[in-house]
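# Chains, contacts and geometry: an overview
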Amino acid sequence: MRTQTAEGHTPTPWRISSVTSRYIESHDGEIIGTAYPETMMDDYPVACANAAFIVKAVNCHEELLEACKQMRDMLLSCGYEIHNPTIKLAKEAITKAEA
């Protein structure tokens, strides 16, 4: 039986399957996704690259989100204004990640 996080998704880390580089596996080896070429004209390497990108993004999501939050909080505690470009960038990334 597949487990889920509080957010409702399969727990990380995810990985590329040894069966085919288009398959995405959960931490316990269950196939949870398949990357397909965008069109019939696209080749297999594009789908494999897409799967690898998805796995990389998923596996670093929580750490990047936490880094953005800590950076925002540190800059605010150091007296930087809320309109500082770096703080704005961090806030935008946090909003997207938590949407």
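To start, this report covers the structure provided alongside it. In this text the structure is predicted, and so the values were computed from the model without any measurement.

Let us look at the sheet that holds strand E2 (residues 23–25). Spatial ordering of the open sheet is given by E1-E2-E3, a layout of three strands whose pairing is antiparallel. Strand pairing shows two members of the sheet lacking a second neighbour, strand E1 (15–16) and strand E3 (31–34), which therefore form its edges. Sheet topology places E1 next to E2; two bridges connect them, and they run antiparallel. The residue of E2 that forms the bridge with Arg15 is Glu25.

A few words now on the nonpolar core. With five residues, the main nonpolar core is built from Trp14, Ile24, Ala35, Ala51 and Val55. Leaving out residues up to four positions away in the same chain, Ala35 has contacts with Arg22, Ala47, Asn50 and Ala51.

Moving on: the side chain of Arg22. Counting through the fold element by element, Arg22 comes out in the loop between E1 and E2. In contact with Arg22, other than residues within four places in its own chain, are Gly33, Thr34, Ala35, Tyr36, Tyr44, Ala47, Cys48 and Ala51.

Compared with an ideal rise of 1.5 Å per residue, which puts 14 residues at 20 Å, helix H2 (residues 85–98) spans 20 Å between its outermost C-alpha atoms and is within 8% of the ideal. Taken together, the buried positions of H2 are occupied by Ile87, Ala90 and Ile94. End-on, the buried residues of H2 take up no more than an arc of 65°, which puts them together on one face. Opposite the buried face of H2, at more than 90 degrees from it, the exposed residues are Pro85, Leu89, Thr95 and Lys96. Measuring from the side-chain oxygen of the N-cap residue of H2 to the backbone nitrogen of Thr86 gives 2.8 Å; that N-cap residue is Asn84.

Procedures and definitions
Residues numbered from 1 in each chain as written. Predicted model: local features only at pLDDT ≥ 70, side-chain atom pairs only at ≥ 80, totals over all residues. Heavy atoms only, no water. Pairing = 2+ DSSP bridges. Helix = DSSP H or I, 4+ residues; strand = E, 2+ residues; numbered from the N terminus. Core = buried A, V, L, I, M, F, W, Y, C linked by side-chain atoms within 4.5 Å. Buried < 20%, exposed > 50% of the residue type's maximum accessible area, 1.4 Å probe, protein only. Contact = heavy atoms within 4.5 Å. Expected span 1.5 Å × (residues − 1). Arc of directions from axis to C-beta. Polar contact = N/O pair within 3.5 Å; in protein donor to acceptor, adjacent residues only side chain to side chain.

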